[in-house]
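# Examining the three-dimensional arrangement
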Amino acid sequence: ILTALLILWLKGNDLTAEYGLCPSKVPADRLLYYLPLVLLASVNLWFGVTMNLTPLETGCYIIAMFFVGFLEELIFRGLLFQAMAKDNLKTAVIVSSVTFGIGHMVNLFNGSGADLLGSGLQVIYAIAAGFMFTTLFYKTKSLWVCIITHGCLNALSVFANEAEQTPLMEVGSAAVLTVVAAGY
């Protein structure tokens, strides 16, 4: 409902392009065809795939996670970054990225069963991903690549084989995510 309301408000006020709901202004080949984003989006499949929920629950989860990715990108990049970038670009990038990462601490308290190590690592690589998404949005003037990557990353978590993950594997994958996001 929140997604629909935001879209309607943006369209009604002719703000979709200003807040990134438009095609990219940069050709994909200038951004390595977004290949590093595929690596990031696939992190939940690196240690195997399993069906954690029923097919109906899986479908609902995937849809919900795409909406979460959409909302987070629109809020942190589209609204927050755009509002702050007018005054100070560097501050806008930092605040947008860090608040995005810290916002993932909610997973400790939302009943998802996330542990302190996993949530702490998620905050770290979410800050790095936040910098990457903010930079992509700034360069391309479009949120769509960020929304699609973020939505896929979230949605594919339903297939994650968490039972096979060791703390060392969690730290290793978080390190790879952080380095790839920061490097890109």
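The following refers to the structure shown. (Residues numbered from 1 in each chain as written. Predicted model: local features only at pLDDT ≥ 70, side-chain atom pairs only at ≥ 80, totals over all residues. Heavy atoms only, no water.)

## Notes on the pattern of salt bridges
Using the criterion set out here, one finds two salt bridges in the structure. For Glu18, the salt bridge is made with Lys86, and the minimal N-O distance between the two is 3.7 Å. Taken together, the positions of Glu18 in the loop between α1 (2–12) and α2 (35–41) and Lys86 in the loop between α3 (55–85) and α4 (89–102) put the pair 68 residues apart, joining distant regions of the chain. Its relative accessible area of 35% is what places Glu18 among the partly exposed residues. Given a relative accessible area of 60%, Lys86 falls into the exposed group. (Salt bridge = Lys/Arg side-chain N within 4 Å of Asp/Glu carboxyl O. Helix = DSSP H or I, 4+ residues; strand = E, 2+ residues; numbered from the N terminus. Buried < 20%, exposed > 50% of the residue type's maximum accessible area, 1.4 Å probe, protein only.)

## A look at unusual backbone geometry
At Asp14, a residue that is not glycine, the phi angle is positive and equals roughly 55 degrees. Classification of Asp14 by relative accessible area gives exposed; the value is 69%. Phi angles above zero are rare outside glycine, and Lys141 is one such case at about 65 degrees. For Lys141, the position within the fold is in the loop between α5 (116–140) and α6 (144–155).

## With respect to the packing of α5 against helix α7 (residues 167–183)
Helices that pack against each other are described as a pair by the angle of their axes relative to one another and the distance between those axes. One way to put it is that α5 packs onto α7 with a least axis distance of 8 Å and a crossing angle of 10 degrees. Compared by their axis directions, α5 and α7 come out roughly parallel. Contact residues: α5 offers Leu117, Gly118, Leu121, Ile124, Tyr125, Ala128, Ala129 and Met132, while α7 offers Pro167, Glu170, Val171, Ala174, Leu177, Thr178 and Ala181. (Axes fitted to C-alpha atoms, helices over the stretch in contact; angles between N-to-C directions. Parallel < 35°, antiparallel > 145°, perpendicular 65-115°, else oblique. Contact = heavy atoms within 4.5 Å.)

## Digging into the nonpolar core
Grouped together as the largest cluster of nonpolar side chains are 15 residues, with contacts concentrated most on Leu37, Leu40, Met132 and Leu136. The set of elements that each furnish at least two residues to this core consists of α2, α5 and α7. When residues in this core are grouped by element, the largest group, five residues, is from α5. Those residues within four positions of Met132 in sequence are excluded, and the remaining contacts are Leu37, Leu40, Ala181 and Tyr184. (Core = buried A, V, L, I, M, F, W, Y, C linked by side-chain atoms within 4.5 Å.)

## Quick word on the packing of aromatic side chains
Summed over the entire model, instances satisfying the criterion amount to four aromatic pairs. Ring geometry for Phe76 and Phe100: centres 5.5 Å apart, planes at 70 degrees, overall edge-to-face. Of this pair, Phe76 sits in helix α3 while Phe100 is found in helix α4, placing the two residues 24 residues apart along the sequence. Judged by relative accessible area, Phe76 falls into the buried class, the value being 16%. Taking relative accessible area as the criterion, Phe100 reaches 3% and is therefore assigned buried. On the numbers, 6.3 Å between centres and 85 degrees between planes, the contact of Phe81 with Tyr138 is edge-to-face. Within this pair, whereas Phe81 is found in helix α3, its partner Tyr138 is found in helix α5, the two being separated by 57 residues in sequence. Of the residues examined, Tyr138 reaches a relative accessible area of 37% and is grouped as partly exposed. Sitting over the face of the ring of Phe100, Arg77 holds its NZ or CZ atom 4.4 Å from the ring centroid. (Phe/Tyr/Trp six-rings, centres within 6.5 Å; stacked < 30°, edge-to-face > 60°. Lys NZ or Arg CZ within 6 Å of the ring centre and 35° of its normal.)

## Quick word on the side chain of Ser96
Structurally, the position occupied by Ser96 is in helix α4. Non-local contacts of Ser96, meaning those with residues more than four positions away in its chain, are made with Phe76, Arg77, Leu80, Phe81 and Thr134.

## Some details on α5
With 25 residues, α5 extends 35 Å from end C-alpha to end C-alpha; this agrees with the ideal 36 Å at 1.5 Å per step. Residue Lys141 follows α5 closely and has a positive phi angle near 65 degrees. (Expected span 1.5 Å × (residues − 1).)

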